[in-house]
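Results of the structural survey
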Amino acid sequence: MYTIGQVAEMFGLPASTLRYYDKQGLFPGLERTSGIRRFGDTELEALRVIECLKKAGMEIKDIRLFMEWCAEGPSTYPKRKAMFEERMAHMESEIANMNRALDMLRFKCWYYEQAIQDGSEDRVEALIPDDLPEGIKEAYENAHSIKPFATHGTPARSSMSECGQDNCGLNG
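Residues numbered from 1 in each chain as written. Predicted model: local features only at pLDDT ≥ 70, side-chain atom pairs only at ≥ 80, totals over all residues. Heavy atoms only, no water.

For the rest of this paragraph, the subject is the overall build of the chain. When its secondary structure is counted, the chain shows seven helices and two strands. Secondary structure elements of the chain occur, N-terminal to C-terminal, as α-α-β-β-α-α-α-α-α. Counting across all 172 residues of the chain, residues that qualify as buried make up 32%. A separation of at least 24 residues holds for 53% of the contacts in the chain among residues at least 6 apart in sequence. About 11,100 Å² of surface is accessible on the chain, with carbon and sulfur atoms providing 55% of the total. (Helix = DSSP H or I, 4+ residues; strand = E, 2+ residues; numbered from the N terminus. Buried < 20%, exposed > 50% of the residue type's maximum accessible area, 1.4 Å probe, protein only. Contact = heavy atoms within 4.5 Å. Areas by Shrake-Rupley, 256 points an atom, 1.4 Å probe, with all protein chains shown as cover.)

So, in structure tokens, the structure goes:
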């Protein structure tokens, strides 16, 4: 059994976070001795799952629902599996978006390195898209493979003239 301070140190979390999780019902079987929380292996594993789900973007209310399903037993296996499948699909989509962003950064770093060497963007612009070096071409194609980047509810720019300059390297 571990104290709240020991668990906080093991997971790199403030003790207040663990108290909050407890108040939210995420540790239903948590033992107390003279009012002091005692974390066992079950709570440590629950905390690993909680932290994973939080990193996957799940809200506390949904994590609480998952914990309730766990307490209900095997009849909730399909619900739990569906919850994890939804989170996995969400994460895969986020990773794909991040990889597209990373490829755009790779391409732009290469693009501007070439422009710096040449003193202009003319030559590098002429290479786009068919004559780019192989690794850069792959990054360019991935970065440009689907809809322009946009955040939730924020439309992406629709034209290159919106950047405020005639040629600001956004064409590539």
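The rest of the description comes next.
For the rest of this paragraph, the subject is the environment of Leu-53. Position of Leu-53 among the secondary structure elements: in helix α3 (residues 41-55). The buried category is assigned to Leu-53, whose relative accessible area is 2%. For the pair Leu-53 and Ile-63, spaced 10 residues apart in sequence, the C-alpha separation works out to 7.2 Å. Once residues within four sequence positions are removed from consideration, Leu-53 is found in contact with Met-58, Ile-63, Phe-66 and Phe-84.

Turning to α3, a few remarks are in order. Its 15 residues give α3 an end-to-end C-alpha distance of 21 Å, which sits within 8% of 21 Å, the value for a rise of 1.5 Å per residue. Restricting attention to buried positions, one finds in α3 the residues Glu-43, Leu-44, Ala-46, Leu-47, Ile-50, Glu-51 and Leu-53. Close packing links the buried residues of α3 with α1 (4-11), α2 (15-23), α4 (60-72) and α5 (77-118). Just downstream of α3, Gly-57 is the residue with a positive phi angle, here 90°. (Expected span 1.5 Å × (residues − 1).)

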